[in-house]
Structure formats: structure tokens, C-alpha cells
Amino acid sequence: MKSLRSERLLLRPARPEDLAPLLAILSDPAVARWWPGFDESKVESELIAPDPDVTVYVIEHEHSVIGAIQFGEELDPQYRHASIDLFLSPQAWGRGFAPEAIRTLAVYLFEERGHHRLVIDPAADNARAIRAYEKVGFRPVGTMRQYERGADGTWHDGVLLDLLADEFVPPPVERPGCSTSPE
Ligand SMILES: CC(C)(COP(=O)(O)OP(=O)(O)OC[C@H]1O[C@@H](n2cnc3c(N)ncnc32)[C@H](O)[C@@H]1OP(=O)(O)O)[C@@H](O)C(=O)NCCC(=O)NCCS
């Protein structure tokens, strides 16, 4: 598994020493509301050494761990697609890091894993997440009623959003000596 880079972020494989910073982020109530129930053993089993059907990248900004992003793949040729999920430390919110991390992973999933469709399924009332995904180009497909059990133990609606390869606008490629801005 190779690391992925963007202008401000490094997406790299998780290491054992990431357990403490990831647990600290997931223990913040603002994050735990959407990614509930993480203790040391769940961080270990789901993020540091996840099942082989999930691929997890730790997200670093300026050499600090600020969150994680993961994908899973449906490999049945009839339904082939990938699904994405992520969380960031609240200190890193509102700076466009989520769209940047998702675009970076999307380039990999479209160009190197050959997917034509990506999906993401936030809680229906996670307006910040839905906004971040729409900035990447994800479009709402519809509401999935009583889709997931929330941190409060009750069933909550989810929204399915999808993004097709031929409507995705990839980030500009930085090349030494080349400017992407207009003259
Ligand atoms: C969801 C998450 C990854 C977004 O990360 P982020 O880096 O803050 O995303 P952005 O910088 O694009 O900012 C979010 C956008 O939502 C907007 N926003 C914030 N609160 C909002 C609200 N209540 N309603 C609508 N839009 C809102 C912000 O203004 C910003 O849009 P803008 O750039 O057009 O102003 C991050 O908030 C997070 O980790 N949350 C906790 C875990 C989580 O919810 N994960 C997603 C599970 S599906």
C-alpha cells in the first residue's frame, strides 16, 4: 500500500504509534457523535490493523496526525464500486482538508483501482459532511431511512451520495516550473 500526497496532506498507512493520536481525535465528542464507540481496542482492530476488505490511511498535515480516511471495495464486476469514510480532528475542520483528502483518494480509486463510481453515506443530519462531499462533486442519491444506529442508540436516517468518474474534476497536477494559475 503506497502513500498518497496532495498539496497540504499526506495519506499514509497506519502505524502502531498512530493509536494514541487517533484515539484522542475519536474521543472528542464532536467526532464521536459521528464515529461512535471507539476505545483502544476498536482503534487497533478497525484502523491500525483493519480487516483486509478495508484500507485505512492516516491523514497527516505538517507532520501531525489530523484524522483518517478509509475505503472499501465491492469487487463483483456487476456492481463494482468503492465506498469512502473519514474523520478529522475538530482543530482541522473548516480548512477544506476533507475535500482535499477525498479528491486525493478519488484520483487513486478512479485511476489506479479502475473504479467508475464512488459512494459515501453520512448521517442525514451531518450537514457539514454532506457539504464537504458535495464540494468534491458527490451528488445525493436519496435518503436511507433508519439506516444506522447513532451514538444515542436510536436509528437515524442516512444519505447516500455518489460520484461518477466522468463527472469528477481532479485536482490540478503541480509540475515543477509550470504554473496552473492564469498569466
Ligand atoms: C465531516 C468532516 C470530515 C468535514 O471536514 P472539513 O475539513 O471540516 O470540511 P470542510 O473544510 O469542507 O468544511 C465543511 C463545509 O461545511 C460547511 N458547514 C459547516 N457546518 C455546516 C452546516 N451545519 N450546514 C451546512 N454546511 C456546513 C462549512 O462552511 C464548509 O463549507 P464551505 O467551505 O463552503 O464554507 C469533519 O467535519 C469531521 O471529521 N467530522 C466528524 C466526523 C464525521 O462526521 N465524519 C463523516 C462521517 S460520514
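Computed from a prediction, not measured in an experiment: that's the story for all the values here. (Residues numbered from 1 in each chain as written. Predicted model: local features only at pLDDT ≥ 70, side-chain atom pairs only at ≥ 80, totals over all residues. Heavy atoms only, no water.)

The next point concerns the pairing of strand 3 (residues 54-61). With seven of eight residues buried, strand 3 lies mostly within the body of the structure. Where strand 3 lies against strand 4 (residues 64-74), eight bridges are found, and the strand directions are antiparallel. What sits directly across from Tyr57, in strand 4, is Ile69. (Buried < 20%, exposed > 50% of the residue type's maximum accessible area, 1.4 Å probe, protein only. Helix = DSSP H or I, 4+ residues; strand = E, 2+ residues; numbered from the N terminus. Pairing = 2+ DSSP bridges.)

So, about the site of the ligand. In the vicinity of the ligand lie 22 residues, with Leu88, Gly96, Asn126, Arg131 and Lys135 positioned nearest. One of the backbone N or O atoms of Arg95 is found 3.2 Å from an oxygen atom in the ligand. In isolation the ligand has 950 Å² of accessible area, and contact with the protein removes 74% of it. Elements with a minimum of two residues in the shell around the ligand: strand 5 (81-88), helix 4 (97-112) and helix 5 (127-136). When residues of the shell around the ligand are assigned to their parent elements, the largest contribution, seven residues, is made by helix 5. When grouped by side-chain class, the residues that make up the shell around the ligand number 14 nonpolar, three polar and five charged. (Near = heavy atom within 4 Å. Polar contact = N/O pair within 3.5 Å; in protein donor to acceptor, adjacent residues only side chain to side chain. Areas by Shrake-Rupley, 256 points an atom, 1.4 Å probe, with all protein chains shown as cover. Nonpolar A, V, L, I, M, F, W, Y, C, P; charged D, E, K, R; others polar.)

Most of strand 2 (residues 9-13) sits inside the fold, with four of its five residues counted as buried. As judged from the two bridges shared by strand 1 (residues 4-5) and strand 2, these two strands associate in the antiparallel manner. Each bridged residue has a counterpart across the sheet, and for Leu4 the counterpart in strand 2 is Leu11. Hairpin connection from strand 1 to strand 2: three residues lie between these consecutive antiparallel strands. As defined by bridge partners, strand 2 adjoins strand 3 across five bridges and the pair is classed as antiparallel.

On to the packing of aromatic side chains. One pass over the full model with this rule turns up six aromatic pairs. Between Trp35 and Phe87, the ring centres sit 4.7 Å apart and the planes meet at 65°, which makes this aromatic pair edge-to-face. Here Phe87 lies in strand 5 and Trp35 lies in the loop between helix 2 (29-32) and helix 3 (40-48), a separation of 52 residues in the sequence. For Trp35, a relative accessible area of 10% translates into the label buried. (Phe/Tyr/Trp six-rings, centres within 6.5 Å; stacked < 30°, edge-to-face > 60°.)

Let us look at the sheet that holds strand 1. Taken in spatial order, the eight strands make up an open sheet running 1-2-3-4-5-6-8-7, and their pairing is mixed. Looking at which strands have only one partner, the edges of the open sheet turn out to be strand 1 and strand 7 (139-149). Across eight bridges, strand 4 lies against strand 5 in antiparallel orientation. From the neighbouring strand, Glu73 faces strand 5, where its bridge partner is Ala82.

Function cannot be inferred from these measures alone, as they are strictly geometric.
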